Amino acid sequence: MTTHTVSGAPAAHVNFHALFRPVLTALRFTGHFLAALVGVIFLGSASEH
C-alpha cells in the first residue's frame, strides 16, 4: 500500500510537468508576439506624433 502511494506522487508530478511544459512554451510565444505587437503600436504612435 505504501509503495503505491509513494509511486503515485512522483507520477502525478511528472504528469503535471508534462502538461505544464507546452503551456510555458505557449506563454513564451504569446509574450514575444505581444512584445512585437506593442513595439509596432508604440513605433506607429511615436512616428504619428
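Source: prediction; values computed, not measured.

Parameters at a glance
Residues numbered from 1 in each chain as written. Predicted model: local features only at pLDDT ≥ 70, side-chain atom pairs only at ≥ 80, totals over all residues. Heavy atoms only, no water. Helix = DSSP H or I, 4+ residues; strand = E, 2+ residues; numbered from the N terminus. Buried < 20%, exposed > 50% of the residue type's maximum accessible area, 1.4 Å probe, protein only. Areas by Shrake-Rupley, 256 points an atom, 1.4 Å probe, with all protein chains shown as cover. Patch = residues over 30% accessible without salt bridge, like charges linked within 9 Å, V, L, I, M, F, W, Y side chains within 5 Å. Salt bridge = Lys/Arg side-chain N within 4 Å of Asp/Glu carboxyl O.

## Focus on the overall build of the chain
Across its full length, the chain carries one helix and zero strands. Each of the 49 residues in the chain was classed as buried or not, and the buried ones make up 0%. Accessible surface for the chain amounts to roughly 4700 Å². Of this, 76% is attributable to carbon and sulfur atoms.

## What to know about a nonpolar patch on the surface
A contiguous nonpolar patch, built from Phe16, Phe20, Val23, Leu24 and Leu27 and spanning about 480 Å² of accessible area, is present on the exposed surface. One can find Phe16 in helix 1 (residues 2-48).

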